[in-house]
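A look at the structure
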Amino acid sequence: MPSTTPTLHFFCGKAGAGKTTVAAKLAQELDAILLSEDIWLMRLFGDQMQTFDDYIRFSKKLKSVIGPLTVDLLRAGNSVVLDFQANTKLGRGWFRSLFEQAGAAHLLHELRTSDETCLARIAQRNIERPEGSHQLSEEDFRHVSSFFQAPEAAEGFNIRIHHAS
């Protein structure tokens, strides 16, 4: 059932936690606009993204476009599902700036998934290679996960916790 209050939905969870799956399902259920970082990055910069540092650089460029678009969509009365990772306290500040500029509601979806489950999903994704996916090794997973910071109550977000199924 579509939400009547424009809401920004965003996600926190390690690689392979299921963020993209939950985002797609949520967008369909809410009749919301889905914007997926991985797909946009792959379509715009795929041939240029070779390292983690490349991802960081291109993600910043993408956010400079997606941010104002998201604010406009929220102000126009649309709910938006941003399949972008909100895995650090600093990174979550970007999402806050969007819903605050738009005067919209928000919901941070935290996916709590064991490392073992994440790694199994990544291995399967490495075989299937859905659009926007990146080849990740266990070493890559461990490196990226070293930056992960779960949200804290003091950050003041509305949070919905999802446990791995």
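Quick caveat, the model's predicted, so the values are computed rather than measured. (Residues numbered from 1 in each chain as written. Predicted model: local features only at pLDDT ≥ 70, side-chain atom pairs only at ≥ 80, totals over all residues. Heavy atoms only, no water.)

**What to know about the confidence of the model for the chain**
Residues with a pLDDT of 70 or more make up 93% of the chain, whose mean pLDDT is 90. Summarising per-element confidence for the chain, the mean pLDDT is lowest in helix H5 (residues 115–128) (83) and highest in strand E1 (residues 7–12) (98). (pLDDT = per-residue confidence, 0-100. Helix = DSSP H or I, 4+ residues; strand = E, 2+ residues; numbered from the N terminus.)

**Comments concerning a nonpolar patch on the surface**
Side chains of Trp 40, Leu 44 and Leu 69 sit close together on the surface and give an oily, nonpolar patch of about 240 Å² of accessible area. The residue Trp 40 is located in helix H2 (residues 37–45) in this model. By relative accessible area, which is 31% here, Trp 40 ends up partly exposed. (Patch = residues over 30% accessible without salt bridge, like charges linked within 9 Å, V, L, I, M, F, W, Y side chains within 5 Å. Areas by Shrake-Rupley, 256 points an atom, 1.4 Å probe, with all protein chains shown as cover. Salt bridge = Lys/Arg side-chain N within 4 Å of Asp/Glu carboxyl O. Buried < 20%, exposed > 50% of the residue type's maximum accessible area, 1.4 Å probe, protein only.)

**Points about the sheet that holds strand E2 (residues 33–36)**
Spatially, E2-E3-E1-E4-E5 is the arrangement adopted by the 5 strands of the open sheet, whose pairing is parallel. Since the sheet does not close on itself, it has two edges, and those belong to E2 and strand E5 (159–163), each with one partner. The average angle at which neighbouring strand axes cross in this sheet is 20°, direction not considered. Two elements, E1 and strand E3 (residues 80–85), share 3 bridges in a ladder whose sense is parallel. Paired with Leu 8 across the two strands is Val 80, which belongs to E3. (Pairing = 2+ DSSP bridges. Axes fitted to C-alpha atoms, helices over the stretch in contact; angles between N-to-C directions.)

**Brief notes about the pattern of salt bridges**
Using the criterion set out here, one finds 7 salt bridges in the structure. Across the salt bridge formed by Lys 14 and Asp 115, the nearest N and O atoms sit 2.9 Å from each other. With a gap of 101 residues between them, Lys 14 in the loop between E1 and helix H1 (19–30) and Asp 115 in helix H5 connect regions that are remote in the sequence. The class of Lys 14 is partly exposed, set by a relative accessible area of 22%. For Asp 115, a relative accessible area of 22% corresponds to the partly exposed category. For Arg 142, the salt bridge is made with Asp 115, and the minimal N-O distance between the two is 3.3 Å.

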